[in-house]
Every structure is written in structure tokens, then in C-alpha cells.
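# Per-entry structural report
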Amino acid sequence: MTIFLCARCGEALTADLAALPAVPDAPDESQRDPETRRLPSTVPAGHYAVETEPWGGPYVPQDNQDDPKPCQPRGNCYCTDDGFVTSAGPRNTIVIHPDDAPTLRPLPNWENSSGCCGPAGYHGPNRACPCGNRLATLAADCYTPYELHLDPVRVTPVEG
Ligand SMILES: [Zn+2]
Ligand SMILES: [Zn+2]
């Protein structure tokens, strides 16, 4: 069991979470909530999993623009002014249920939180510790999975 602390101020950000061996598949689209337009959380409450592939911003153009791949695990094809892009974000982000880090808050002026029905999570960290440390990215849009990713460099795991 593991508690994740802010690496800057030492505050506990999560309860005591149990490790999953891998990030689960995102729930099927049929489970999307008709009101919030969110899928159920990829990671169940009380758990965490490590995403070993790059996830989140920044994004870089894909080599083969004629055969685009999803921009990241459980993601969609994402097209910017540069064409179809792929994540060049950090590896080993810690994926948790968004409700399991209740003190995190949006950045001032909702920086990096743009999206359709919620933040897409495509623009870099969009959630911070109350001390201001920008340590997490929330994906909660109507075409994304529902995931909170903690930046492994900006949080400290401790045994619960
Ligand atoms: Zn902090
Ligand atoms: Zn939407």
C-alpha cells in the first residue's frame, strides 16, 4: 500500500492506495455517463497503476501521417496544426481515480484545462497541490478516458 505525497511540501495527496499490476483497459464506451459524458474511472477507487508508456503533453508529430495511431495508451487519434501527434510526455505516471486526490485543484485561470465537456488532458499538467506544485494531469472529457495521472517526479511515494 502506498500514499503519494507532494514532493515540494510533503502533504499527503492520496489515501493509502493498493497497486495494480498494470493499467486496466478503459471501460467500454457504452458505460459513458449520459449526463457527465465521463467514462467510469480507468483505475478503481483505492488503487493505483503505473503507466509505463509516455502519456500526456507535450505531443510531437507522428512519423507516418497516413496511418495515424492513438496519441497515447487508451487515447484517441489527436490532430493538431502539426498533424497527427503522439505523446512525448513522461513515462511512469501514476494513474489513480480522480476522486482519490481530493485536495488537488485546477490551475489559476483553468490553465491547461481546455476541452469539450471537461479537460482533455492534452495540454500538460492541469492540477496542482494547494502549495502550487503542478503535479497532475486530469483527463475527463467526453472523448477521453477518465484518469488522473500524477507526475512521478513531482510526487513522493511512501509506504502506507
Ligand atoms: Zn505541495
Ligand atoms: Zn463534450
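Before reading on, note that the structure itself is shown above.
Residues numbered from 1 in each chain as written. Chains lettered and ligands numbered in written order. Predicted model: local features only at pLDDT ≥ 70, side-chain atom pairs only at ≥ 80, totals over all residues.

### Description of the pairing of strand E6 (residues 83-87)
The side chains of a regular strand alternate between the sheet's two faces. Put simply, the rule reads: Whether a residue is buried, exposed or partly exposed is read from the other C-beta atoms within 10 Å of its own C-beta, which are placed from the backbone; 20 or more gives buried, 12 or fewer gives exposed, and intermediate counts give partly exposed. Working definition: helices are DSSP H or I runs of at least four residues, strands are E runs of at least two. Numbering for both runs from the N terminus. When DSSP finds at least two bridges between two strands, those strands are taken to pair.
Counting buried positions along E6 yields 4 of 5 residues, so the element is predominantly enclosed. Bridge analysis of strand E4 (residues 59-61) against E6 gives 3 bridges, and the strand direction is antiparallel. Its bridge partner being in E6, Tyr59 is matched across the sheet by Ser87. Here strand E5 (residues 78-80) runs beside E6; their pairing, made up of 3 bridges, is antiparallel.

### Details of the environment of Ser30
Among the secondary structure elements, Ser30 is positioned in the loop between strand E2 (18-19) and strand E3 (47-51). Note on Ser30: 6 C-beta atoms within 10 Å, which makes it exposed. Taking the C-alpha atoms as reference, Ser30 lies 29 Å from Leu104; in sequence the two are 74 residues apart.

### Things to note about the sheet that holds E4
Consider a sheet: its strands pair through backbone hydrogen bonds, and that pairing is either parallel or antiparallel. Short version of the rule: All axes are obtained by fitting lines to C-alpha atoms, using only the stretch in contact for helices, and the reported angles, taken between N-to-C directions, cover 0 to 180 degrees.
Ordered by their spatial adjacency, 3 strands build an open sheet running E4-E6-E5, and the pairing between neighbours is antiparallel. Of all strands in the sheet, those bounded by a partner on one side alone are E4 and E5. If you compare each strand with its neighbour and ignore which way they point, the axes differ by 50° on average.

### Examining the environment of Gly83
The following threshold applies: Distance between backbone-placed C-beta atoms decides contact: two residues are in contact if it is within 7 Å.
Position of Gly83 relative to the elements: it lies in strand E6. Classification of Gly83 by C-beta neighbours within 10 Å gives exposed; the count is 10. Residues in contact with Gly83, not counting those within four places in the same chain, are Pro61 and Gln65.

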